[in-house]
Amino acid sequence: MSRFSEPQDPLFQSLDYSLDVDRRLWPYDVAQSRAHATMLAARGIISEDDRDQILTALHQVEQELAEGRFPFEDDDVDIHMAIERRVTELAGRAGGKIHTGRSRNDQVATDLALYVRDHAVRLADQVEALARTLVDVAERHLDWALPGYTHLQRAQPVYLSHHLLAYVWMLVRDRERMRFAARQADVLPLGAGALAGVNFDTDRTQVARDLGFAGVVPNSIDAVSNRDFALDLLQACAVVSTHLSRLGAEIVLWSSQEFGFMELSDAWSSGSSLMPQKKNPDCGELLRGKAPRVVGHLAALHGVMHALPLTYNKDLQEDKEHVFDAVDTVTITLAAADGMLSTASFNRDRMAAAASDENIAATDIADFLVKKGLPFRESHGVVAGLVRTSFEQKRPLSSFTLEELKAHHELLDEGVYGVLSQASWLESKVSLGGTALVRVTEQLAQARAVLDL
Ligand code: ARG
C-alpha cells in the first residue's frame, strides 16, 4: 500500500535518484545493518532467528555487491533502499525487520560518517607519505642553492632543502586537519531514528562499539542534521589541494626552459601532439588546476547547509557528490605529486647561477652596515644607491673599488667583498628557522620527528 494514488513523475524520479552517487556507500551500509540487526536481537526487539536470517541475507548482498552482480532494480532510488529490498527478497518477512527502529535519516548520516572517518584517516596517511618523500628529496639536496623569490623576483638565496621543507610543514598541518575531520566523524548518529529517537529500548553504545565509533551523538536532532564532519573533511581537502596547487605551479616554473631548475621524468611528463621538442609538465599544471574544484566542493556544501532548517531535508542528499569527488581528487593528486617529485631531477648549476646574482646580497650589505651601527632605514638607502649605480654602470657590485664604495658611505670597507659571496649570504642566515645549513639540518630532524607522531 502507499498513501499516493498517482505514480511519481519520471522527471521528478530522475531528479530524486541518488543511487549512482551513493552506491559506493554500500560497505558501510552493510556493516551498519549488521551491527543494527545484532543489537536489535541482543535487546530482544527481534528474534535471534530473524537476526540470523538477516545476517545471512546481508552476507549474500555483500558478496553480490563486491562482485558487481547485485541485481539493482529501476525503483532502487538509493543504496539504502536497494540493500533493504534485496535483504527482504532473500530473507522474507525477517528481512522486513531490518529497518526496525531505524530511519534513512540516521542511516545515511551513519554511512557518511563511516566513509568520512575511513577516508580522513587514509588521507592523513597519504599526506604523511608525500611529506616523507619531500623530506627525502630535501635531504638529497641539502646544500643546493637557489634563489628565494618574492613577487617572483629574485630576493634572497636559500637552499633547495629549506624551500622543500616549507611544503613539509604545510603537509604536517594538512595531516592534522585530516585527523581532526576523522575525530569529528567518530561519533555514531544511528539510533536517532527520523529525528526524535525511537520507540524501542535500543543499545546505541553496542552499535557504536561494533562499528568502532568512539561514542554516540548525544542529541537525536543533531545526529540527523549534522554534516559538520563532511565540511571538516572538505576543508582539509581544500587546504591540501591549495598547497598542492602552489607546489604544482612551482614545478611548472622550475621545469621551464627559462628557469631550468628541474627536469621531470618522462613518466610524469607529456609530449606535444604538434611540437616534437616539447616536454610538458602537465602533472604540475593539473595539481594547480584541480585545486579550485576541491575548494568549490567545500563552498558548495556550505551552500547546501546554509540556513537549512533542522533536521533532515533532501538538500542533504547533495552532500555526497561533493565529498566523494573531493576525496577522489585529493587521493589522485597526492599520489601524483609523490610520483612526480620522487622521480624529478634538479639542475644544481642552473639554480646556483641564478642564486649568485650579486644584487641578491643587497639586504646582506645593508645588514653589514647595521652591524657597524647605522640604523637599518639609512643603510637601506645607501645600498639602494649602490645597486642603482651597479645597474647604471652595468657592473657587478664586487667590481666596485674601495673608493667607490666609500663614496656611497664611509662605513663601507673591504668587508663588503666577503659579504658578496654566495656561501656567505646563505650561511649567515643562522636565526632559528633560517636557511643556514645548521638550521636546515635541525629542521630536517625536527620534520622527521613530527612526522613520526
Ligand atoms: N538518499 C538519501 C540521502 O542521501 C537518503 C536519506 C533519505 N531520507 C529521507 N527522509 N528521504 O540523503
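Bear in mind the structure is a predicted one, so any value in this text is a computation, not a measurement. (Residues numbered from 1 in each chain as written. Predicted model: local features only at pLDDT ≥ 70, side-chain atom pairs only at ≥ 80, totals over all residues. Heavy atoms only, no water.)

**Q** Let's hear about the packing of helix H6 (residues 104-140) against helix H10 (residues 228-254): which residues, and what values?
**A** Between H6 and H10, whose axes approach to 10 Å, the crossing angle comes to 25°. By the angle class used here, H6 and H10 are roughly parallel. By crossing handedness, the relation of H6 to H10 is classed as left-handed. Facing Ala109, Leu112, Ala113, Val116, Ala120, Leu123, Val127 and Leu130 of H6, the residues of H10 in contact are Phe229, Ala230, Leu233, Cys237, Val240 and Leu244. By residue class, the composition of the contact of H6 with H10 is 14 nonpolar, no polar and no charged. (Axes fitted to C-alpha atoms, helices over the stretch in contact; angles between N-to-C directions. Helix = DSSP H or I, 4+ residues; strand = E, 2+ residues; numbered from the N terminus. Parallel < 35°, antiparallel > 145°, perpendicular 65-115°, else oblique. Left-handed = near helix turned anticlockwise from the far one by under 90°. Contact = heavy atoms within 4.5 Å. Nonpolar A, V, L, I, M, F, W, Y, C, P; charged D, E, K, R; others polar.)

**Q** Quick one: what's the story with the packing of aromatic side chains, residue by residue and with numbers?
**A** Tallied over the full model, the rule gives seven aromatic pairs. Aromatic side chains Tyr28 and Tyr115 sit 6.2 Å apart centroid to centroid with 85° between the ring planes, which places their arrangement in the edge-to-face category. Residue Tyr28 is located in helix H3 (residues 26-42), and its partner Tyr115 is located in helix H6; the two are separated by 87 residues in the primary sequence. Taken together, the ring pairs connect Tyr149, Trp254, Phe259, Phe261 and Phe346 into an aromatic cluster. Here the guanidinium or amino end of Arg23 rests over the ring plane of Phe72, the centre of that ring lying 4.4 Å away. Here the guanidinium or amino end of Arg117 rests over the ring plane of Phe213, the centre of that ring lying 4.8 Å away. (Phe/Tyr/Trp six-rings, centres within 6.5 Å; stacked < 30°, edge-to-face > 60°. Lys NZ or Arg CZ within 6 Å of the ring centre and 35° of its normal.)

**Q** Describe the site of the ligand, with residues and values.
**A** As a structural note, the neighbourhood of the ligand is formed by Ser18, Asp22, Asp78, His80, Arg104, Asn105, Val108, Tyr312, Gln317 and Lys320. Within the side chain of Ser18, an N or O atom sits 3.4 Å from a nitrogen atom of the ligand. Here an oxygen atom of the ligand sits 2.6 Å away from a polar atom, N or O, in the side chain of Lys320. The fraction of the free accessible surface of the ligand (340 Å²) that becomes covered by protein chains is 86%. Across the shell around the ligand, the residue classes tally to two nonpolar, four polar and four charged. (Near = heavy atom within 4 Å. Polar contact = N/O pair within 3.5 Å; in protein donor to acceptor, adjacent residues only side chain to side chain. Areas by Shrake-Rupley, 256 points an atom, 1.4 Å probe, with all protein chains shown as cover.)

**Q** Tell me what's going on with the pairing of strand S1 (residues 145-150), and back it up with residues and numbers.
**A** Where S1 meets strand S2 (residues 153-159), six bridges bridge the pair, whose relative direction is antiparallel. From the neighbouring strand, Leu146 faces S2, where its bridge partner is Val158. (Pairing = 2+ DSSP bridges.)

**Q** I'd like a description of the side chain of Asn226, backed by residues and values.
**A** Inspection of the secondary structure puts Asn226 in the loop between helix H9 (220-225) and H10. Polar side-chain contacts of Asn226 include one of 2.6 Å to the backbone nitrogen of Asp228.

**Q** Outline the pattern of salt bridges, supporting the account with residue identities and numerical values.
**A** Pairs can form between side chains of opposite charge whenever their charged atoms are close. Taken as a whole, this structure holds 32 salt bridges when the rule is applied. A salt bridge links Arg43 to Asp201; the shortest N-O distance between them is 2.8 Å. Of this pair, Arg43 sits in the loop between H3 and helix H4 (48-66) while Asp201 sits in the loop between strand S3 (187-188) and helix H8 (204-211), and the two are 158 residues apart along the sequence. In this structure, the salt-bridge partner of Arg395 is Glu404, at a minimum N-O distance of 2.9 Å. Note on Arg395: relative accessible area 22%, which makes it partly exposed. Salt bridges sharing partners connect three or more residues here, namely Glu64, Glu73, Asp76, Arg85, Arg86 and Glu89. (Salt bridge = Lys/Arg side-chain N within 4 Å of Asp/Glu carboxyl O. Buried < 20%, exposed > 50% of the residue type's maximum accessible area, 1.4 Å probe, protein only.)

**Q** Could you give an account of the packing of H4 against helix H5 (residues 79-91), with specific residues and numbers?
**A** One can describe the packing of H4 onto H5 by two numbers: an axis separation of 9 Å at closest approach and a directional angle of 125°. One finds that H4 runs oblique with respect to H5. The way H4 lies across H5 gives a crossing that is right-handed. Contacts from Gln53, Ile54, Ala57, Leu58, Gln60, Val61, Glu64 and Leu65 in H4 reach Ile83, Arg86, Val87, Leu90 and Ala91 in H5. Considering only residue class, the contact of H4 with H5 consists of nine nonpolar, two polar and two charged.

**Q** Please give an account of the nonpolar core that cites residues and values.
**A** One broad trend across soluble globular proteins is that nonpolar side chains are buried collectively. Ile83, Leu165, Val168, Leu233 and Val323 are the most contacted members of the largest nonpolar core, which has 104 residues in total. With 15 residues, the top contributor of residues to this core is H6. Residues in contact with Val168, not counting those within four places in the same chain, are Ala131, Leu134, Val135, Ala447 and Leu451. In terms of nonpolar packing, the next biggest core, distinct from the first, is built from 20 residues, Ile360, Ala361, Leu386 and Trp425 among them. (Core = buried A, V, L, I, M, F, W, Y, C linked by side-chain atoms within 4.5 Å.)

**Q** Tell me about the environment of Ala113, and please be specific about residues and values.
**A** Residue placement: Ala113 occurs in helix H6. Distance from Ala113 to Phe229, taken between C-alpha atoms, is 7.2 Å for residues 116 residues apart in sequence.

**Q** An account of the state of the cysteines is needed here, citing residue identities and associated values.
**A** With the rule as written, the count across this model stands at zero disulfides. Its sulfur unpaired, Cys237 is 18 Å from the next cysteine sulfur, which belongs to Cys283. Among the residues examined, Cys283 registers a relative accessible area of 13% and is labelled buried. (Disulfide = S-S within 2.5 Å.)

**Q** Mind laying out the environment of Ala185, listing which residues take part and the relevant values?
**A** Looking at the secondary structure, you find Ala185 in the loop between helix H7 (160-184) and S3. Using a relative accessible area of 1% as the deciding quantity, one classes Ala185 as buried. Considering only alpha carbons, one finds Ala185 and Trp425, 240 residues apart in sequence, at a separation of 49 Å.

**Q** Outline the environment of Ile332, supporting the account with residue identities and numerical values.
**A** In this structure, Ile332 sits in helix H12 (residues 319-342). Taking the C-alpha atoms as reference points, Ile332 and Leu287, 45 residues apart in sequence, are found 9.6 Å from one another.

**Q** Tell me about unusual backbone geometry, and name the residues and values.
**A** Cis geometry marks the peptide bond from Leu310 to Thr311, where omega comes out at 5°. Mapping Thr311 onto the fold places it in the loop between helix H11 (282-305) and H12. Unusually for a residue other than glycine, His151 sits at a positive phi of about 55°. By relative accessible area, His151 is classed as exposed at 74%. Backbone geometry places Ala307, a non-glycine residue, at a positive phi of 60°. Mapped onto the elements, Ala307 comes out in the loop between H11 and H12. Residue classification places Ala307 among the exposed residues on the basis of a relative accessible area of 69%.

Note that all results are geometric; they support no functional claim without further evidence.
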